[in-house]
Amino acid sequence: LHPDTDARRPSGVARARAAVERGDVATAQQEAETILAADPGNGDALVVALFTADLQQDHAAFARLLRAADQPGKPASREVLGMLESLLARRVSARAGQLVRPQP
């Protein structure tokens, strides 16, 4: 591919987030897990992968992702905090979800 085309191509995490937004959870999960295979410490990809596993009620994938995330990695960005908030609200409590909201 031409370098200019690569620069304009959305990142894997951006493609995964876009897939979630259009309701294509399976594609989002595939994108996120592809990123994690290459970069296990990618916090954004981990959040998207956990979020999509939870939406699909894939408890085995969710547990596998958590086991694999045993080392500190790159923190999740503001772009995926909404997913993390939703995930925590569903799995823990609404209050837990609120704790990850960006503070003014």
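To be clear, the structure that these remarks concern was listed above.
The rules behind each value
Sequence positions are assigned chain by chain, starting from 1 and proceeding in written order. Given that this is a predicted model, residues contribute local features only at a pLDDT of at least 70 and side-chain atom pairs are listed and counted only at 80 or more, while totals for whole chains, interfaces and linings are drawn from all residues. The basis for the side-chain values is all heavy atoms of the structure; hydrogens and waters are excluded. Each salt bridge in this description consists of a side-chain nitrogen of Lys or Arg and a carboxyl oxygen of Asp or Glu lying within 4 Å of one another. Each helix is a run of DSSP H or I of at least 4 residues and each strand a run of E of at least 2, with the numbering of both proceeding from the N terminus. The rule is simple: take the accessible area with a 1.4 Å probe, protein chains only, and divide by the maximum for that residue type; under 20% is buried, over 50% is exposed, in between is partly exposed.

Caption draft 1: Seen up close, the pattern of salt bridges. Taken as a whole and assessed by the stated rule, the structure comprises six salt bridges. Here Arg15 and Glu31 are joined by a salt bridge, their closest N and O atoms 3.2 Å apart. With Arg15 in helix α2 (residues 12–21) and Glu31 in helix α3 (residues 25–38), this residue pair connects regions lying 16 residues apart in the sequence. A relative accessible area of 25% means that Arg15 is categorised as partly exposed. Salt-bridge contacts for Asp24 lead to Arg22; the nearest nitrogen and oxygen are separated by 3.9 Å. Assessed through its relative accessible area of 56%, Arg22 is described here as exposed. One continuous salt-bridge network, built from bridges that share partners, spans Asp54, Arg90 and Arg91.

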